[in-house]
Amino acid sequence: MKIPLSCTTVNRIRSACLALCSLSLTACVNLAPEYTRPDLPVAKQFAASTLTATPASASLQNLTAVAFFADPRLKPLLEMALQNNRDLRVAALNIEVAQAQLGVRQADLSPSVNVGLNGARLTTAAGGISSTYATGLSVAAYEVDLFQRLRNLTETARAQYLATEAVRKTVHISLLASVASTYLAWQSDFALLELTQKTLRTREATVKLLQLRFDKGASSLLDLRSAQSLLESARITHAQLRRQKQQDENTLTLLVGQTIPGALLNENSAQNGNFKPVAFDELPVGLSSEVLMGRPDVAQAELLLQASNANIGAARAAFFPKITLTGSLGLASSDLTNLFRNGLTVWSFAPQILQPIFDAGRNESNLQIAQANRSIAQAQYEKTVQSAFKEVSDALIARATLKDQWAAQKAQTQAEQDRSQLSQLRYKQGVNSYLDALDAERALFSSQQALIQVETQYAQNMVTLYRGLGGGWSR
C-alpha cells in the first residue's frame, strides 16, 4: 500500500535522515596504523649472469598470452580451458561472494530506514475503548562511526575482495601455463614414441637377421642375446611412453574441462617437432625485482596484509565509546481515516552511548589477535615475494644454460649417428665385433631421446618464465 504523506512531513523526514547521516560524516579518528609497504626481502636485481646486455623491446614489454602461446594447435585448447575449467569457474564465483560481502559492509555505513503502519486498541479505566494509529519512518540502532570501526571493517572487506580477484588472475595465468606445459609434454611423448617405434622396427629386423646367422653358425649366441636385450629394452620404453602419452591426454582433458576433439591430438598436431612459444627478446641486465609486484599472488598477499592492518583499527575502536541512534518520524491519530490528513506529527530520538568499563580483557585480547594476524600476514607476504624471486631466478638460470645444453646435445647426437654408421660398416667388413655396433646403436638411441627431452625442457622453461613473471615481465 502506498502511504500518502504530506509535503511538509516528507521534508521533515528527509531533514531527519540527512541529520543522521551527517553525524556519521563527522567521524575523523582512524585508529588503524598507517600502512607502509614492507621492503622487498630479496635482492634488488636478478643476477646479471642470467641476463644479457640487449635492451628490452616494446614487443617484450607488451607481450600477451595470445602472442606468447602463438601455436595454432595450442590456441583452441587454451580457449576451451578458459571457458570450461572448473578451478577458474570457482575462482570467479568466489569473487562474486567477496563482492557481496563488501556490499554488506558498505551498507553498515548508512542508516537503515524502515517504513511501518501500526495500530493499537486499549480498554480505558471508564470501560471504553481507545484506538491509536501511527505510521512513519524509523531508524533502528544506527551506529555513528566516530572512531571508524565500520570503515575499517569495510576496508578489510574491500581488500579481501581485491585479493579474491588476484586469486582469479593467478588461477588464470597458471591455467594457461599448465595447458601449454602439458601440451609440450604430450608432444614430447609423441616424438619419443615415434623414435622408439622406428628403433623397434630396426631392432626387430636385426634380431631376425642374427637369428638366421646363428642358425647357420655364422654368428655367436652372445651377439644374438645382446641384440634381443636391446629389442626388449626398446619395448619397455615403448610401453612407458604409451602410458605417459595417455596420462598427458587425461591431464589435458581435466585442464580444458571437456573431452578434447580427436583432431587436436593426432599425428598432424604433433608433426614438425615440438611446440615452441614465441621467443622472448633478451632480458636486460639489471632487471629489477620490482617486476615481481606485477604477480597476482604477490598482490594478493599485500592486499591481505592491508586487510589485517585495517582490522587493527577496528579492534582499537572497541576501547572507545560506541554511539548508536534509534529514532522515528511519522504521524499518529486516534482515527485511521484521518491519519494521513489530520494526524499529529510525532517523532522520537534515542541516542545511546556505551563505554566499555570491564570486559574481562576481551577487547585487549581481540587487539592482540589483530596485531598478531598482521605480523603473520606480513611474514606470508615476504615469503610470497621470496618464493616468486626464487621461481623467476631459477627460470632465468635454466634459460641461460639450456640453450648451451641443447646445442651440445645436438652435436653429440650427430656424433653418435656417425659412430653408429661407422660401427655397422666396420662390422660388415669384419674389423669390429657386433657388440661394438650394438653399443653404438644403444648410445645413439639414448642421445636422440635426450635431444627431444632438452628441446621440451627449453620450451617448458619459457612457459615457467611466463608464469613466474605474472604473465609478462613488465606492466
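Residues numbered from 1 in each chain as written. Predicted model: local features only at pLDDT ≥ 70, side-chain atom pairs only at ≥ 80, totals over all residues. Heavy atoms only, no water.

## Some points on the overall build of the protein chain
Then, number 1: Along the backbone of the protein chain there are 10 helices and 4 strands.
Then, number 2: Residue burial in the protein chain is summarised as follows: out of 475 residues, 39% are buried.
Then, number 3: Considering only intrachain contacts with a sequence separation of at least 6, the fraction spanning at least 24 residues in the protein chain is 85%.
Then, number 4: As presented, the protein chain carries roughly 25,600 Å² of accessible surface, and 55% of it is formed by carbon and sulfur atoms. (Helix = DSSP H or I, 4+ residues; strand = E, 2+ residues; numbered from the N terminus. Buried < 20%, exposed > 50% of the residue type's maximum accessible area, 1.4 Å probe, protein only. Contact = heavy atoms within 4.5 Å. Areas by Shrake-Rupley, 256 points an atom, 1.4 Å probe, with all protein chains shown as cover.)

## Topic: the sheet that holds strand β2 (residues 129–144)
Then, number 1: The 4 strands lie next to each other as β1-β2-β3-β4, forming an open sheet whose pairing is antiparallel. The strands lining the two open edges of the sheet, one partner per strand, are β1 (113–123) and β4 (344–354). Adjacent strand axes in the sheet meet at a mean angle of 25° when their direction is disregarded.
Then, number 2: Direction of pairing for β1 relative to β2: antiparallel, over a ladder of 11 bridges. Residue pairing in the sheet places V115 in a bridge with L137 of β2. (Pairing = 2+ DSSP bridges. Axes fitted to C-alpha atoms, helices over the stretch in contact; angles between N-to-C directions.)

## Things to note about the side chain of T237
Then, number 1: Here T237 shows up in helix α7 (residues 221–256).
Then, number 2: Discounting chain neighbours no more than four positions away, the residues touching T237 are T196, F445 and Q449.

## Notes on the environment of S348
Then, number 1: Within the secondary structure, S348 sits in strand β4.
Then, number 2: Each C-alpha atom of the pair S348 and S138 lies 9.0 Å from the other, and the pair is 210 residues apart in sequence.
Then, number 3: Leave out the neighbours within four places in its chain, and S348 touches T326, G327 and S328.

## Here's the deal with helix α10 (residues 434–468)
Then, number 1: Here α10 contains 35 residues, and its C-alpha end-to-end distance of 50 Å stays within 8% of the 51 Å for a straight helix at 1.5 Å per residue.
Then, number 2: G470 lies just past α10 and shows a positive phi near 70°. (Expected span 1.5 Å × (residues − 1).)

## Comments concerning the confidence of the model for the protein chain
Then, number 1: Per-residue confidence for the protein chain gives a mean pLDDT of 81; residues scoring 70 or more make up 84%.
Then, number 2: Looking over the protein chain, one finds the lowest element-wise mean pLDDT in helix α2 (residues 58–61), namely 39, and the highest in α7, namely 93.
Then, number 3: Residue range residues 1–6 is modelled with pLDDT below 50. Its contacts to residues more than four positions away, or to other chains, number 9 contacts.
Then, number 4: In this model, residues 53–62 is a region of pLDDT below 50 whose contacts with residues beyond four sequence positions or in other chains number 18 contacts. (pLDDT = per-residue confidence, 0-100.)

## Digging into the packing of helix α9 (residues 362–428) against α10
Working note: a packed helix pair is described by the angle between its axes plus the distance between those axes.
Then, number 1: The interhelical angle for the contact between α9 and α10, taken along N-to-C directions, is 160°, at an axis separation of 7 Å. Relative to α10, the element α9 is oriented roughly antiparallel. Every pair of crossing elements has a handedness; the one defined by α9 and α10 is left-handed.
Then, number 2: Residues belonging to the contact of α9 with α10 are distributed by class as follows: 18 nonpolar, 14 polar and 11 charged. (Parallel < 35°, antiparallel > 145°, perpendicular 65-115°, else oblique. Left-handed = near helix turned anticlockwise from the far one by under 90°. Nonpolar A, V, L, I, M, F, W, Y, C, P; charged D, E, K, R; others polar.)

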